[in-house]
Structure formats: C-alpha cells, structure tokens
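Chain residues, written in single-letter form:
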Amino acid sequence: MAGASVIDDYVADLDTRLRGNRKVKLDLLTEARDSLEDAADCYRSAGLRDEDAQRKAVADFGPVGAIARDYQGELAVAYGTRTLRSILFILPALHLGWEGSRLFFLGSWESVPGASSSELPAWYLPITQINDSIPWAVSIATALALLFGRLMSRRVADNRLIARCAAGVALATVSAALLSNLSLGIASTILNPELMFHTPVLLLASLAAVAVLAQLTVMARRAVRFAV
C-alpha cells in the first residue's frame, strides 16, 4: 500500500547515510524501524489513516540527518572499540608467538652466527629493544583508551568525540607497531641477509606478523573515517 513506503523510505535514507560494522548497523536500522512502526500503530489506533500515521511517526522520530549523526556516532564507537580490542589482544599474541618460534627453532641470539651483539652495529640493539617493547606499550595504551572511553561514555553526550579518541589511539599505536616491525626487518635484512632466511618458519612468521599489522592498520584507518 502507498502509506507503507513512508517508513521504508525513511529507513532506506538512513541506511545510505551510515557507515560501520554491518551487524551493528542492521541492529540500529531495525531499532529505528521498530520504533517507527510502534509509533505509527499508536497513531492508527487514535484514528489516523495509515499514511498519515506513518508520516506523523517519522516527523516525531526526527530529521533523518540528525538521527544519522547520532547513529553514526554509535557505529563509530562500536568499530573503534572493536579495533582497540583487536590491537590489545593480537599484538602481544604476535610477539609471544614469534619469540616462542625463535627460541624453538634458533635458540638464543648469541648462538646464531652473525647475530651476537658484538658482531652488530651499536644502533641495531636499540631498534630491537624498541621493537620488543612496542607490543607491551601498545597494549597499555589501548587498554587505557578502552577504560577512558568507558568513563567518557558516562559523562560525554557526543559519541563522535569518544569515537575520534578511540580511532586516533588505534591508528597511532598500530602504525607505530607496524613501522617498528618493518624497520627491524629491513635493518636485519641489510645487515645479515642469511639470518633472515636461516629459518623459513621464522621468515614466514615475520611476514605473517607484518600482514596482520597491516590489516590492523586498515581497520584503524577505517575507524578514523567512520568517526569523522
């Protein structure tokens, strides 16, 4: 019937304005549709024609632009939180997995030809130390960001501000981890190519770590776009 398109058109318009996790987006659109249908039912019960009831429900619900801004804030917060949690748990797991593989297949660095501290330039050791510290520093930063976001959600009405903070921390931390990993890999390849190809399993683990960090960086950049 003709009146059925009023709510449909509103929800469809809202759908085109939202970006974010598909499931969360679908939940929000379903919530909006249910609220509109309930309001329209009330107006129909009061004697309004179906189309008029739907138009009244849509008018009461609010301009689609304003509703889209509120919903987009929720979507951005949800995606930013998901990204932070992914970084929080994946980075330490990557680091521990790589170190465990290194100990199993190579043993201590001192036992590997060309890898002892006495055979490497002085600037190389600080890079390795920074790279070893990055996962834990990132974990602390993301954990604090998640806690701060939870506290802000109780005091700040604008979800987009929370989303921007979460996205900014996610992008900064995972970018630092990716840059550190790439720097160490490039430096190691230049200084001792044989070391990088000494154990294929470790080479594959290193490439996999870079791929995972790159994917997390894509997620963080997407979180920033959703929060804008």
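The model shown is predicted, which means the values in this text are computed figures rather than measured ones. (Residues numbered from 1 in each chain as written. Predicted model: local features only at pLDDT ≥ 70, side-chain atom pairs only at ≥ 80, totals over all residues. Heavy atoms only, no water.)

Participant: Give a detailed account of the overall build of the chain, specifying residues and quantitative values.
Facilitator: Scanning the chain from terminus to terminus reveals eight helices and zero strands. Reading the chain from its N terminus to its C terminus gives the helix and strand order α-α-α-α-α-α-α-α. Taking 2.2 N^0.38 as the reference for a compact globule, 228 residues should give roughly 17 Å; the C-alpha atoms of the chain span a radius of gyration of 26 Å, well beyond that estimate. Each of the three principal axes of the chain carries a C-alpha extent, and together these read 90 × 35 × 25 Å. (Helix = DSSP H or I, 4+ residues; strand = E, 2+ residues; numbered from the N terminus. Rg over C-alpha atoms; globule rule 2.2 N^0.38 Å.)

Participant: Mind laying out a negative patch on the surface, listing which residues take part and the relevant values?
Facilitator: A contiguous patch of negative charge, built from Glu31, Asp34, Asp38, Asp70 and Glu74, is present on the exposed surface. Taken together, the elements giving at least two residues each to the negative patch come down to helix H2 (22–45) and helix H4 (64–105). For the negative patch, the element with the most residues is H2, which contributes three residues. Taking relative accessible area as the criterion, Glu31 reaches 42% and is therefore assigned partly exposed. (Patch = residues over 30% accessible without salt bridge, like charges linked within 9 Å, V, L, I, M, F, W, Y side chains within 5 Å. Areas by Shrake-Rupley, 256 points an atom, 1.4 Å probe, with all protein chains shown as cover. Salt bridge = Lys/Arg side-chain N within 4 Å of Asp/Glu carboxyl O. Lys, Arg positive; Asp, Glu negative; His and termini not counted. Charge placed at Lys NZ, Arg CZ, Asp CG, Glu CD. Buried < 20%, exposed > 50% of the residue type's maximum accessible area, 1.4 Å probe, protein only.)

Participant: How would you summarise helix H5 (residues 124–153) if you had to cite specific residues and measurements?
Facilitator: Compared with an ideal rise of 1.5 Å per residue, which puts 30 residues at 44 Å, H5 spans 43 Å between its outermost C-alpha atoms and is within 8% of the ideal. Where H5 bends most, at Ile134, the angle is about 35°, and the proline Pro135 comes one to four residues later. Turning to H5, its buried residues are Tyr124, Thr128, Asn131, Ile134, Pro135, Val138, Ser139, Thr142, Ala145, Leu146, Gly149 and Met152. (Expected span 1.5 Å × (residues − 1). Bend = angle between axes of the 7 residues up to and from the residue.)

Participant: A description of the nonpolar core should follow, citing residues and the corresponding values.
Facilitator: Across soluble globular proteins, nonpolar side chains have a tendency to be buried as a group. Formed by 24 residues in total, the largest nonpolar core has its most connected members in Leu84, Ile87, Leu91, Val174, Leu213 and Leu216. Elements with a contribution of two residues or more to this core: H4, H5, helix H6 (159–191) and helix H8 (200–227). Residues contacting Leu213, with those up to four places away along its chain left out, are Leu91, Leu94, Val174, Ala177, Leu178 and Asn181. (Core = buried A, V, L, I, M, F, W, Y, C linked by side-chain atoms within 4.5 Å. Contact = heavy atoms within 4.5 Å.)

Participant: Could you give an account of a nonpolar patch on the surface, with specific residues and numbers?
Facilitator: Nonpolar side chains collect at one region of the surface, where Ile140, Leu144, Leu147 and Leu151 lie side by side and expose about 390 Å² of accessible area between them. Inspection of the secondary structure puts Leu151 in helix H5.

Participant: Tell me about a positive patch on the surface, and please be specific about residues and values.
Facilitator: A contiguous patch of positive charge on the surface is contributed by Arg85, Arg150, Arg154 and Arg155. Mapped onto the elements, Arg150 comes out in helix H5.

Participant: A description of the pattern of salt bridges should follow, citing residues and the corresponding values.
Facilitator: Evaluated as defined, the whole model comprises nine salt bridges. For Asp8, the salt bridge is made with Arg33, and the minimal N-O distance between the two is 2.7 Å. Of this pair, Asp8 sits in helix H1 (residues 4–17) while Arg33 sits in helix H2, placing them 25 residues apart in sequence. Judged by its relative accessible area of 28%, Arg33 is partly exposed. Among the salt bridges present, the one from Asp52 reaches Arg49, with a minimum N-O distance of 3.1 Å. When its relative accessible area of 53% is taken as the criterion, Arg49 is described as exposed.

Participant: Explain the side chain of Ser180 to me, and be specific about the residues and the numbers.
Facilitator: Among the secondary structure elements, Ser180 is positioned in helix H6. Residue classification places Ser180 among the buried residues on the basis of a relative accessible area of 10%. Those residues within four positions of Ser180 in sequence are excluded, and the remaining contacts are Ile130, Asn131 and Ile134.

Participant: Lay out the packing of aromatic side chains with the relevant residues and their values.
Facilitator: With the rule as written, the count across this model stands at two aromatic pairs. Taken together, a centroid distance of 5.9 Å and an interplanar angle of 85° make the contact between Tyr10 and Phe61 edge-to-face. One end of the pair, Tyr10, is in helix H1; the other, Phe61, is in helix H3 (residues 50–61), and 51 residues separate them in sequence. When its relative accessible area of 8% is taken as the criterion, Tyr10 is described as buried. With 5.0 Å between their ring centres and 80° between their planes, Tyr79 and Phe226 make a pair best called edge-to-face. With Tyr79 in helix H4 and Phe226 in helix H8, this pair connects stretches of sequence that are 147 residues apart. Note on Tyr79: relative accessible area 4%, which makes it buried. Residue Phe226 is classed as buried on the basis of its relative accessible area, which comes to 10%. (Phe/Tyr/Trp six-rings, centres within 6.5 Å; stacked < 30°, edge-to-face > 60°.)

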